[in-house]
Structure formats: structure tokens, C-alpha cells
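# Fold and contact review
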Amino acid sequence: MIIDHNNLRTLAREMLIASGSEDDEPAIVSDNLVDANLLGHDSHGIGMLPRYLEAVRAGELTVNQHARIDVDTGSMLTVDGGAGYGQVIGMEAMDIGIERTRQHGVCVLATRHSFHLGRIGAWGERCAEAGLVSMHYVNVVGHSGLVAPYRGSDARYATNPYCCTLPGTPGQEQVVLDMATTLMAQGKIRVARNKGERLPEGVVIDGQGRPSTDPEVMFQSPQGAMMPFATYKGYGLALVCELLAGVLSGGGTCRPQTNRNHDTILNNMLSIIIDPTRLVGQDFFDSEAAATLSHVKASPPLNPDEPVLVPGDPERATGKQRRADGIPVDEQSWRLFADAALTAGIAEDRIEALARV
Ligand code: NAD
């Protein structure tokens, strides 16, 4: 199925309203999810909404929460999300962080107890749009582990994403490095399962620690585990995310003692936001960053059809194409989404009317 992004926004918004979200919350959450689809990250798009609404019903996600400042030393802050929608908490937390960075030149911002913060690149992009550089270290707490540490055979933590962004410079777009620390993001395993596809070698091991290409191993008992990218280097970055986000925020780390329920996806995030002009001045930042990106991109491609890109380019290209042509939604993902809409109380003919380009 190919669905127009505005139709998806409308349907997701109506589902959120029917589930108790008020004021700007339905629009903020639905826009963030559909934007992830537009940018090609279906793993963090509307496919998450059925799980969110289930979590609302289970009392794991609290609607209509706002970022609450718990620790405030000026340039260092801790914000608590009260298990509210990460799309709202993340946006409000970033806006506080941006304002403090403008005052102090730098802000260390810990966000804790937020429900799923979605695509972390959205938070980096928000800082970059304000002309700021940022780094975000994220962990997940509340459900059992998903990822095996390097040399381990069972899951001990989640897909802990890392994001670093730089603002656009003359002639160059933003740099948006935004990635799970696993070979494949968890939602992409869900999407492969929904499509009945096998996974590439090396992405998961089964519940006995044996290599597998079956996405089902992550949904069986005993559950399998996902593998870190780049062996011990990816594992090292994931562990740093676990420690910086989980410990410094006070939100906790992924351990049996902190598990609650499989539908809980509480994110903690340590963000470091920097005003580059306080260090080097706008002119130097612009010219040097732009020259570096041009230099790197000018490397002759090994394959003429695959030019060198910078992080953020693939998402911008997919966004341009999907905005024009619509968002492809596989049948199983659509069925789960439409079922969730029905459960939320949306009429069947309304769902059908919106399921088109
Ligand atoms: P990915 O592998 O698709 O991309 C990772 C990064 O590589 C991106 O910055 C992308 O622009 C860049 N990239 C891709 N191809 C490139 C190329 N040819 N040249 C240069 N750069 C290139 O992303 P992923 O690891 O699958 O993560 C998907 C999303 O999942 C991210 O948005 C992440 O924030 C999100 N995530 C969220 C959570 C959470 O708990 N909230 C957990 C894990 C992942």
C-alpha cells in the first residue's frame, strides 16, 4: 500500500485523540512518527503507534505529560518525562537545552523517564536548526535486554542509539549521524518479521546463542539477542550510552531489577549541546565545516552509481521521494495499525478513506 503522508498524520492524530491525548500532543506525536516514515525509518514511524496505545491502556505510558525540570544548575539540567510521550518530552527538553546553550554556550541535559523518544535524529535536527552542535547518548529501561555484549551469548541491554548533529553550512546540509548501536535497529527486525523476510547473517543469535537469520528468534522464549555493530567498538559505544544515559540521568539502566513489562520503552538520554560560535566564531565554523564536507564527498566513488554521502543524506533523499509519491506500508504493518485504530474507536470507513495516496 502507498499512503499519502498527510492521510497518515490525520489517522494517527485521530487515534491519539481517541486515546486521551489533548492540546498539541496528538499533532506532535503523529507528526514525529510520520516524519520518521518520510525519512525512511519505518521502524520508528506509525508502526510504533499500536504499541504506544497498548502501553497507554496498560498504564505504562501516561498521556499529556510535560518535561519537568528536576535538577537545574544553569548549564546542567535533568528533565523528567513522567513516562509521557517521548515526542512531547523530547521536544520540550530540547527547547530548554537550546535556550540554556544560548545563555551559557553549552548545556549538559539529562532526560529521564520519557516513554520512547522515537527517532533520536529528530532531537539532533532541532538543535542543528537552532545553529547548535549536539550529541545524544540514549539507553532503554523497563523491559528485558535485546542486545548481547561483545563475546556474550544473551541480551543484556537495548539498541542504545547514538546521535551527533552539526548545523547546515553554506552549500552544505546538516550532518545527522543517528544510529542504533546494533547491526540493525530493533524496529527493522519487526518490519522484516511483518514482511516475512529473513535477516542478513550476523544480525541476531537465537535463545541458545546460535547464529540465526530468522527475525522470529526475537519474539520467542527463550528470546534471542541482537548483535552490536562493529564487534567490540559498537559494543563499547552501546555500553557508554547505557552508562551516560542511564546513570547520569538517574533514570536507571537495563537490568532484571528494573524490568517492568515488555510494552514499556522508557528512554533516558544524555544530550550535550554546544554553540560552536563560542569556540571558533561563525565564519570559521561555516567555512571549515563546509570545506571538510566538500573534501570528503569529492572522493571518487568505488561504484559510479554510489557517490560518497554524509550522514543525513539518505534520509533527505528518501524524504523528498516519499513526500511526493507517498509512504509504502507493508500489509501486515497496515493490518496492525488499522486494528489499533479500530480498537481506539475509529470507524472502519474512516480508516479506509484515509488509506490512500
Ligand atoms: P541507519 O543504519 O539507517 O543509519 C545510520 C546513520 O548512517 C544515519 O545517520 C544515516 O544518515 C547514515 N548513513 C546511512 N547510509 C549512509 C551512507 N551511505 N553514507 C553516509 N552515511 C550513511 O539507522 P539505524 O541504526 O537503523 O537507526 C534507525 C533509527 O532508530 C535512528 O533514528 C535511531 O535514533 C532510532 N533508534 C531509536 C531507539 C530508541 O530507543 N528511541 C533505539 C534504537 C534506534
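So, a few notes on the structure that sits alongside this text. Quick caveat, the model's predicted, so the values are computed rather than measured.

Moving on: the site of the ligand. Within the structure, the ligand sits among 23 residues, and V176, D178, A180, K188 and E315 are positioned closest to it. Here an oxygen atom of the ligand and a backbone polar atom of A180 are 2.8 Å apart. G312 has a polar backbone atom sitting 2.8 Å from an oxygen atom of the ligand. About the coverage of the ligand: the protein hides 78% of its 860 Å² of free accessible area. Mapped by element, the contributors of at least two residues to the shell around the ligand are β7 (175-179) and α9 (313-325). The greatest single-element share of the shell around the ligand, amounting to 4 residues, is contributed by β7. The class makeup of the residues in the shell around the ligand is 12 nonpolar, 7 polar and 4 charged.

According to the stated counting rule, one finds 0 disulfides in the structure shown. Free of any disulfide, C107 has its nearest cysteine sulfur in C127, 9.0 Å distant. On the basis of relative accessible area, C107 is assigned to the buried category, the value being 0%. No disulfide involves C241; its nearest neighbouring cysteine sulfur is the one of C163, lying 10 Å away.

Quick notes on the rules
- Residues numbered from 1 in each chain as written.
- Predicted model: local features only at pLDDT ≥ 70, side-chain atom pairs only at ≥ 80, totals over all residues.
- Heavy atoms only, no water.
- Near = heavy atom within 4 Å.
- Polar contact = N/O pair within 3.5 Å; in protein donor to acceptor, adjacent residues only side chain to side chain.
- Areas by Shrake-Rupley, 256 points an atom, 1.4 Å probe, with all protein chains shown as cover.
- Helix = DSSP H or I, 4+ residues; strand = E, 2+ residues; numbered from the N terminus.
- Nonpolar A, V, L, I, M, F, W, Y, C, P; charged D, E, K, R; others polar.
- Disulfide = S-S within 2.5 Å.
- Buried < 20%, exposed > 50% of the residue type's maximum accessible area, 1.4 Å probe, protein only.

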